Amino acid sequence: MLQNNALLAQLKQQIRDNTPRVTGVIKATEKGFGFLECEDGASYFVPPPAMKKVLHGDRVEAVLHEEGERKSVEPDTLIESNMQRFVARVQKRDGRLAVVPDHPSIKTAMKARIKRSLEEDAIGDGDWVVARLVRHPLKPDDRAFFTQIDELVAKTDDPAVPWRVTLARHALEQECPDAGNDWPLRDEGLEREDLTAEPFFTIDGEKTRDMDDALRVEVREDGGWRLSVAIADPTAYVEEGHAADLEARTRAFTVYLPGQNVTMLPEQLADDLCSLHEGQERPVLACRLDVNADGSLGDYQFFAATARSQARLVYDNVSDWLEGQGDWVPDDTIGEQLKALRDLTEARTAWRQEHALVFKDRPDYVFDLDEAGNVLAIRTEERRIANRMIEESMIAANACCAALLADKVGHGIFNVHRAFEDDKAEAAQSFLATQDIAVEREALTDLSRYKELKRALESRDDAWLDARLRKFQGFTAMSAQPGPHFGLGLAAYATWTSPIRKYGDMVNHRLIKRVLKGEQAPKEASVELTEQLTERRRLNRLAERDVKDWLYVRYLTPAAKQQDVFDAEIIAINRGGMRVRLTANGATAFVPAPLMHADRDKVVVDDKEGRIQIEGEERFKLGDAVRVALTEAKEETRSLVAQPAA
């Protein structure tokens, strides 16, 4: 009778309405308690008994309890769980099945069942699986956590665990696509210029198989250079709407991981038919562009062609030769082009430094692996002259593509990067004011004004200022409409030079071909496509980072046992400590505040300012060069722990 009592229900609702409540996201700690982090910056303590009803990352509504000055919350209503799909390890104990999420902040073993289509005997203790949460204690009529195993990812002893688990975590494909073996050339209505006699060449890494750009450079009699950029043409084989095209659209990018690539296109296309192998005729989409003596771009022309690379060159060999070292020597025809391309690159770089913007060079870190996936070494590859030659050539060609699409089509796939979105510009302006740098809002949102500001800030050579300012900056996004790229300092930027590995470049190829054939362009790319491309690129980068973190931990475990000391740079500071990047190999490690001083109370972390004081003196700040000793390498969380070196 009480259950149907309208007055009682009304009373309960009144009590609920009058009870202070807050909404936020659960953050768990290793000690059993947690915090509810609210959007307004408030943080509330969640006691251990209440934490048993929630998981790290749950978005909940909670009842606020106040006892004097102490405030705590009791989660009451689940708004959203981030455990709809997750990677976990299986626990089999006495016939009971459970899974433990592969998450550094979740240690809860949750009861599980196996999807009907899976064989229970095929899943053993310690295996890696994809699971999903089907019951949650804060859901109506649910009393406990319960999960379902939907997919076996890898057996516990599989040497490919770091790769398979990481790809599964980000819901990325595990294998290259397979779309048949019949690939006729489809060139209806498109005339191709014969460039097979011209001495094009490629410059790539030693192990690169999907070579998508070849170059030809000539010195102009009136000064400057004529650069011909020939790009692999997968759209000559893959029609829009074909199964391989639809699969490429879904994948959006080739995933590059240490020791493994998962291609966007079938390998027969990516590594063979489209790849610009030395001595092989290939269909290409090309751009012939003039670079003036001062590095500015002149006229350009896009056209379809057939080309043959006459030399497969390697970055280090080219750099060594141009720098007067090493044993490798090109033939005279290629050698003259390399010298011309070096001169073009220096002129182009100087022009961009004055009229656009140039990224600071950062080294790449390359993992040498054996067949079992063990790390043999980690090599530092600096951005040498040959790398810059290709980079400048591609930037110039992509700037021409952006100009063509904006002028002739009105849309395409553009890389748009605004240094500061409107909601962050004011905060950035206020921050700069605290550093006695007075800027108008337009200096943060107008491209020409921003370029001036950026050059002025870089001239200060202040690593802390640069790191703090990045906190306010946005990310590059894909857009169907032209827009500025503040990072490059260009009014518009659209890539077409990597169609083997980027679906957006394939879209731009098709638009360029329509211009060449005089056809009307189709409707612009949907918002769904541009958002998917942006999101896929983010996931690919996360996957690359996660695999590297796993391999770093395995490789540096002996160093942690010996507490080896490394040079490092502080790249982040939060309430718990600071994150550093090791200069020797690119690994990141966390330095907890308790390891900075025996008395934690004497360590004051200002995460907003990016500074750390110890005993009242500033000891660390963002961008500082420091020396740290590794103390732990935790494979279960793929994390390295360090402490300041004595």
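From a predicted model like this one, the values you see are computed outputs, not experimental measurements. (Residues numbered from 1 in each chain as written. Predicted model: local features only at pLDDT ≥ 70, side-chain atom pairs only at ≥ 80, totals over all residues. Heavy atoms only, no water.)

1. Some words on the overall build of the protein chain
Quick note on the threshold: Numbering of helices and strands starts at the N terminus; helices are DSSP runs of H or I of at least 4 residues and strands are runs of E of at least 2. Here the radius of gyration uses the C-alpha set of atoms, whereas the globule reference equals 2.2 Å times the residue count to the power 0.38. A 1.4 Å probe rolled over the protein chains alone gives each residue an accessible area, and that area as a share of the maximum for its type sets the label: buried under 20%, exposed over 50%, partly exposed in between. By definition in these notes, contact holds between two residues if any of their heavy atoms fall within 4.5 Å. The Shrake-Rupley method, run with a 1.4 Å probe, gives the accessible areas here. Residue values count only the displayed protein chains as cover. Counting rule applied: Lys, Arg positive; Asp, Glu negative; His and chain ends not counted. The atom standing in for a charge is NZ when the residue is Lys, CZ when it is Arg, CG when it is Asp and CD when it is Glu.
Looking only at helices and strands, one finds 14 helices and 30 strands in the protein chain. Relative to its length of 646 residues, the protein chain is compact, with a C-alpha radius of gyration of 28 Å against a globular reference of 26 Å. In terms of overall dimensions, the protein chain has a C-alpha envelope of 90 × 60 × 55 Å along the principal axes. Buried residues in the protein chain amount to 48% of all 646 residues. Within the protein chain, contacts between residues separated by at least 24 positions form 65% of all contacts whose residues are at least 6 apart in sequence. Carbon and sulfur atoms provide 45% of the accessible area of the protein chain, an area that totals close to 32300 Å². Averaging the positions of the 89 positive and the 114 negative side-chain charges in the protein chain gives two centres separated by 6 Å.

2. So, the packing of helix H9 (residues 422–434) against helix H12 (residues 463–470)
Here is the rule we go by: All axes are obtained by fitting lines to C-alpha atoms, using only the stretch in contact for helices, and the reported angles, taken between N-to-C directions, cover 0 to 180 degrees. To sort the angles, those under 35 degrees are grouped as roughly parallel, those over 145 as roughly antiparallel, those from 65 to 115 as roughly perpendicular, and the leftovers as oblique. Throughout, a crossing is termed right-handed when the near helix is turned clockwise from the far one, and left-handed when it is turned anticlockwise from it by less than a right angle. Under the scheme applied, nonpolar residues are Ala, Val, Leu, Ile, Met, Phe, Trp, Tyr, Cys and Pro; charged residues are Asp, Glu, Lys and Arg; polar residues are all the others, including Gly.
One can describe the packing of H9 onto H12 by two numbers: an axis separation of 10 Å at closest approach and a directional angle of 160°. The orientation of H9 with respect to H12, classified from their angle, is roughly antiparallel. For H9 against H12, the interelement crossing comes out right-handed. Side by side, H9 and H12 meet where Ala 428, Phe 431 and Leu 432 of the first sit next to Trp 464, Leu 465, Arg 468 and Leu 469 of the second. Among the residues making up the contact of H9 with H12, the classes are represented as six nonpolar, no polar and one charged.

3. Focus on the sheet that holds strand S26 (residues 603–606)
As a reminder of what qualifies: At least two DSSP bridges between two strands are required for those strands to pair.
Judged by pairing direction, the sheet is antiparallel, and its three strands sit side by side in the order S26-S27-S28 without closing on themselves. Either end of the sheet is taken by a strand with one partner, and the two such strands are S26 and strand S28 (617–621). Mean inter-strand twist for the sheet, computed between neighbouring axes without regard to direction, equals 25°. Across four bridges, S26 lies against strand S27 (residues 611–614) in antiparallel orientation. Bridging across to S27, Val 604 finds its partner in Gln 613.

4. Details of the sheet that holds strand S6 (residues 86–93)
Strand order in this closed barrel of five strands is S6-S7-S8-S10-S9, and the pairing throughout is mixed. Ignoring strand direction, the axes of neighbouring strands in this sheet form an average angle of 55°. Relative to strand S10 (residues 146–154), strand S9 (residues 128–135) is paired through seven bridges, and the arrangement is antiparallel. Across the sheet, the residue bridging to Ala 131 is Ile 149, located in S10.

5. As for helix H14 (residues 527–562)
Test applied: Each helix should span, by expectation, one fewer than its residue count multiplied by 1.5 Å. To get the bend at a given residue, fit one axis to the seven residues ending there, fit another to the seven starting there, and take the angle between those axes.
In this model, H14 (36 residues) spans 52 Å end to end at C-alpha, consistent with the 52 Å of a helix rising 1.5 Å per residue. Along H14, the sharpest kink reaches roughly 50°, centred on Leu 556 and followed within four residues by the proline Pro 558.

6. Notes on the packing of aromatic side chains
Selection criterion: Stacked, tilted and edge-to-face are the three classes assigned to paired rings of Phe, Tyr and Trp, where Trp is represented by its six-membered ring and a pair needs centres within 6.5 Å; plane angles under 30 degrees give stacked, over 60 edge-to-face, the rest tilted. In this scheme, Lys NZ or Arg CZ marks a charge over a ring once it lies within 6 Å of the ring centre and within 35 degrees of the ring normal.
Under the defined criterion, the tally for this structure stands at eleven aromatic pairs. A ring pair is formed by Phe 35 and Phe 45, whose centres lie 6.2 Å apart and whose planes are at 75°; its orientation type is edge-to-face. With Phe 35 in strand S2 (residues 34–37) and Phe 45 in strand S3 (residues 43–46), the pair connects residues that are ten residues apart, well separated along the chain. Exposure remark for Phe 45: the relative accessible area of 21% places this residue in the partly exposed category. Members of the aromatic cluster, each reached through a chain of ring pairs, are Phe 33, Phe 35 and Phe 45. Across from the ring centre of Phe 146, 5.0 Å away, lies the NZ or CZ of Arg 135, which sits over that ring. Positioned over the ring face of Trp 550 is Arg 638, at 3.9 Å from the centre of the ring.

7. Focus: the UniProt feature "domain: S1 motif" (unreviewed entry) in the protein chain
We apply this condition: UniProt positions are given in the numbering used here, feature names are shortened, and annotations may be inferred rather than shown by experiment.
If you check UniProt for "domain: S1 motif" (unreviewed entry), the listed places come out as residues 563–645 in our numbering. Annotated as residues 563–645, this span is 0% helix and 60% strand, and its ends, taken at the C-alpha atoms, are 9 Å apart.

8. With respect to unusual backbone geometry
The residue Asp 461 is not glycine, and still its phi comes out positive at about 50°. Here Asp 461 lies in the loop between helix H11 (447–460) and H12. Backbone geometry at Gln 563 places phi at a positive 55°, although glycine is not the residue there. In this structure, Gln 563 sits in the loop between H14 and strand S23 (565–574). Judged by relative accessible area, which is 40%, Gln 563 ranks as partly exposed.

9. Description of the pairing of strand S20 (residues 375–381)
Relative to S20, strand S19 (residues 364–369) runs antiparallel, the two being bridged by six bridges. Within S20, the position partnered with Phe 367 by the bridge is Ile 378. Taking the residues between adjacent antiparallel strands as the criterion, S19 and S20 are bridged by five residues, where Gly 373 takes a positive phi near 90°.

10. A few points about the nonpolar core
We apply this condition: Definition of nonpolar core: a set of buried residues of the types Ala, Val, Leu, Ile, Met, Phe, Trp, Tyr and Cys, connected through side-chain atoms within 4.5 Å.
If you look at the biggest cluster of nonpolar residues, it comprises 79 residues, and the most contacted ones within it are Phe 201, Ile 203, Leu 289, Leu 338 and Trp 496. Tallying contributions element by element places helix H8 (residues 385–409) first for this core, with 13 residues. In this structure, Leu 167, Ile 437, Leu 469 and Ala 560 belong to the second largest nonpolar core, which totals 63 residues.

11. Description of helix H7 (residues 332–355)
In an α-helix, one turn spans 3.6 residues; hence positions three or four apart end up facing the same way. The line we're drawing: In protein, a polar contact means a hydrogen-donor-capable atom and an acceptor-capable atom, both N or O and within 3.5 Å, with residues adjacent in sequence counting only if both atoms are side-chain atoms; elsewhere, any N or O pair within 3.5 Å suffices.
The first and last C-alpha atoms of H7 sit 34 Å apart over 24 residues, in line with the 34 Å expected at 1.5 Å per residue. Within H7, the full set of buried residues consists of Ile 334, Gly 335, Gln 337, Leu 338, Ala 340, Leu 341, Leu 344, Thr 345, Ala 347, Arg 348, Thr 349 and Arg 352. The backbone nitrogen of Thr 333 has a side-chain oxygen 3.1 Å away, supplied by the residue at the start of H7, namely Asp 331.

12. Here's the deal with the pattern of salt bridges
To be explicit about the condition: Definition used for salt bridges: Asp or Glu carboxyl oxygen within 4 Å of a side-chain nitrogen of Lys or Arg.
For the structure on display, the rule yields 56 salt bridges. For the salt bridge of Asp 290 with Arg 226, the shortest nitrogen-to-oxygen distance reads 2.8 Å. With Asp 290 in strand S17 (residues 281–291) and Arg 226 in strand S14 (residues 225–232), the pair connects residues that are 64 residues apart, well separated along the chain. Among the residues examined, Asp 290 registers a relative accessible area of 11% and is labelled buried. Owing to a relative accessible area of 34%, Arg 226 belongs among the partly exposed residues under this scheme. The salt bridge partner of Lys 513 is Asp 233, with a shortest N-O separation of 2.9 Å. With Lys 513 in helix H13 (residues 503–517) and Asp 233 in the loop between S14 and helix H4 (243–251), the pair connects residues that are 280 residues apart, well separated along the chain.

13. Comments concerning the side chain of His 411
Among the structural elements, His 411 can be located in the loop between H8 and strand S21 (414–416). Residue His 411 is classed as buried on the basis of its relative accessible area, which comes to 9%. Discounting residues that sit within four places of it in the chain, His 411 has contacts with Leu 405, Ala 480, Gln 481, Leu 511, Ala 521, Pro 522, Lys 523, Glu 524 and Ala 525.

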